[in-house]
Amino acid sequence: MSRQITYAQAISEATVLAMKKDPNVLVMGLGVDDVKGIFGTTLEARKKFGLNRVIGTPASENAMTGVAIGAALNGKRPIFVHARNDFMFLALDQIINNAAKWKYVYGNDSVVPIVVRGIIGKGWGQGPTHSQSIQSVMTHFPGIYVAMPSTPYIAKGILMKSLESKVPVIIFEHRRLYDFKQYVPEKRYTVDFGKAKIFKRGKDVTVVATSILVHQALKAAKIVSDFGISVEVVDPVTISPLDEKTIIASVKKTGRLICADTSWLRCGVASEISAVVAEKAFSFLKAPIKRIALPECPCPVSRQLEEFFYKDYQDIVCACFEIVGKKRPNNLFKEKEEDLFLGPY
Amino acid sequence: MNQTTRKKLFLSMLKIRRVEEQVVSVYGQKQMRTPTHLSIGQEAVASGVCANLTKKDQVFASHRCHAAFLARGGSVDQFFLELCGRKNGVNQGRGGSAHLSDASKGFFSSPILGGMVPVATGAALSFKLNKTKNVAVVFSGDAGLEEGVFAESVNFALLKKLPIVFICENNLYSTNTHIRYRQPNSPIFKRVTELLKPKQINGNDVEKVYVDAKKAVDSCRRGKGPVFLECLTYRFREHVGPLYDYNIGYRTKKEVFDWEKRCPLSLYKRKILKLKIMSKKSVELTDKKIMNEAENSYAKALKGSWPTEKDLMTGVY
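Residues numbered from 1 in each chain as written. Chains lettered and ligands numbered in written order. Predicted model: local features only at pLDDT ≥ 70, side-chain atom pairs only at ≥ 80, totals over all residues. Heavy atoms only, no water.

Caption draft 1: Inspection of the pairing of strand β5 (residues 115–120) of chain A at higher detail. All names here are of chain A. The element β5 is extensively covered by neighbouring structure, given that 6 of its 6 residues are classed as buried. The side-chain alternation of β5 yields two buried faces, one formed by Val115, Arg117 and Ile119 and the other by Val116, Gly118 and Ile120. Relative to β5, strand β4 (residues 77–82) runs parallel, the two being bridged by 4 bridges. Bridge pairing in β5 places phenylalanine 80 opposite valine 116. (Buried < 20%, exposed > 50% of the residue type's maximum accessible area, 1.4 Å probe, protein only. Helix = DSSP H or I, 4+ residues; strand = E, 2+ residues; numbered from the N terminus. Pairing = 2+ DSSP bridges.)

Here you go:
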């Protein structure tokens, strides 16, 4: 039971298992076939299955996504990788106008089950166009699923699930999670769409957090528990479909909701989850909902500004004190912790 | 070219023309509430190309897709049901005129300019990976080629030597703007198209289209990589809708009439009669039969079931 592997290894393992099981699974994208193989996630696949199945593409995101769709239409199962999810913007036409609509409009059991992996970068001065977190854009549109795996176990299971389903799935992987280690079963298993995971039970506050913020929420929960605040940490796993049932049940129990997402506030995931709770569990709320998301400015490059920009466990701790109406002790935190992550990016 | 092929080409064009004329004659009844881009005048391209294809080949088209749908053997009944928004339409009433598709016939279309060009390229990729002899064909208008995905797709198709025929149906206009205002004489993608040994042909001469498309498709089947054909043609009616539009100021009545003199259908009808492939009487009877069928299909479509509220959400992920 002690087999610990990283988030990156878990993705690689899922890819290789799926490619072994189904000869139609392909990997596509800029750099998937290069020496670094997308932070190592595609190296093993390339070694095992060669360049006919791990297809490096030109920097033509929209066309190449269309190519993936056309191949999927003919039974292939392409995993299309964007080393930065920001480049997915260039493929929005194909993802939204074609992939998301295909089954609904063309019917006849005609499906295009592409899987798009987009990596969210954070920090180290990656700045305004290489560190965004574009999940709410994709979540807006029916016809595609959106997943934000927070652990190696979920990352492997959700990729396996995606490669066995008929739905186009977008998976947002956080670069800062790539080295996170955990026990992950060696064999094939799947993690369901639309099934939230409760990481910690609690009775005073529900914190719904996405991706890397799940870990920040757990850290925050530990700190505030010393002050008698019991936090329940819920990871939606997929934000489309969204497991409203689990979230609402948790809020009905705790009466308080904090929503933390890696992206911006406006029309964002935190806003959507807040709206669902306000609509369906309003009378259970003992305090106004709190949303934790990025400040309304593009991501700055400056190291100092980045510290102000990103949200972490400290913001969640503060929100927990405020939402239960307790005064936060002074000197709870020293400084913001120094960012020790050195890449590679 | 043998007589059977000639007859096939003629009947394909005749069917497209008469079915679309049925659309024209009833569009004003407002039963077909779907923006409709007619191919009247451009029938030779779809007919000449599709006559070379097998059932397992795949064809992709853009908004002006009626001709290719019918040339691919799409059902006239299901065509009218779709345009009338009924449940049994070829897209279950969800796609309308500009998304006509039939997976069983290997045919798909979408009105986002250039949007199907890479999808067709991806179909060609899978044909190659699966070591089949199938060919993908994509029809695009002249404006579709202005989209970046075209150059990107050509680049990839050449790189991987994919079995794809890119057909440009150049009808000179993007909505109401002539090509001279949109593209330079030596277009930026010329470098790419040169690699494809591109060819411009008279898209109103169905035999010419057939012969060149045959060469292109055969070469794809032999694994020689992608081919590009520009078929010069002309749409008689307005960009979207059933009317003539020479009164709105972007093209002249004379220009439309000059092109109508080069109508692919009447030119070919003359040849069919001259070569005695069909008698005058037989042509008239067939023509009448097609017109009746189109009328009947429309009448049947009006009696087709509407989709129910339950149908709204079926098949949603």
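There is more to say after this.
Caption draft 2: Quick look at the packing of aromatic side chains. Residues and elements named next belong to chain A. All told, the structure shown has 23 aromatic pairs over all chains when counted by the stated rule. Arranged with centres 4.4 Å apart and planes meeting at 20°, the rings of tyrosine 153 and tyrosine 189 form a pair that is stacked. Placement of the pair is tyrosine 153 in helix α8 (residues 152–162) and tyrosine 189 in the loop between β8 (181–183) and β9 (197–200), with a sequence separation of 36 residues. Here tyrosine 189 falls in the buried class, since its relative accessible area comes to 7%. (Phe/Tyr/Trp six-rings, centres within 6.5 Å; stacked < 30°, edge-to-face > 60°.)

Caption draft 3: Quick look at the pattern of salt bridges. All names here are of chain A. Across all of its chains, the model carries 32 salt bridges over all chains by this definition. One salt bridge connects lysine 47 with glutamate 44, and the closest N-O pair in it is separated by 4.0 Å. Of this pair, lysine 47 and glutamate 44 are both found in helix α3 (residues 43–49), 3 residues apart, which corresponds to roughly one turn of the helix. On the basis of relative accessibility, which here comes to 30%, the residue glutamate 44 falls in the partly exposed class. (Salt bridge = Lys/Arg side-chain N within 4 Å of Asp/Glu carboxyl O.)

Caption draft 4: Looking closely at α8(A). Most of α8(A) sits out of view: 9 of its 11 residues are buried. Pro152(A), Ile154(A), Ala155(A), Lys156(A), Gly157(A), Ile158(A), Leu159(A), Met160(A) and Ser162(A) are the residues of α8(A) that are buried.

Caption draft 5: Representation of unusual backbone geometry. Note the cis peptide between Ser240(A) and Pro241(A), where omega equals 0°. With respect to the element layout, Pro241(A) can be found in the loop between β12 (238–240) and α10 (244–254). Phi is positive for Leu172(B), which is not a glycine, with a value near 75°. Here Leu172(B) is to be found in the loop between β4 (164–170) and β5 (173–174). For Leu172(B), a relative accessible area of 13% puts it in the buried group.

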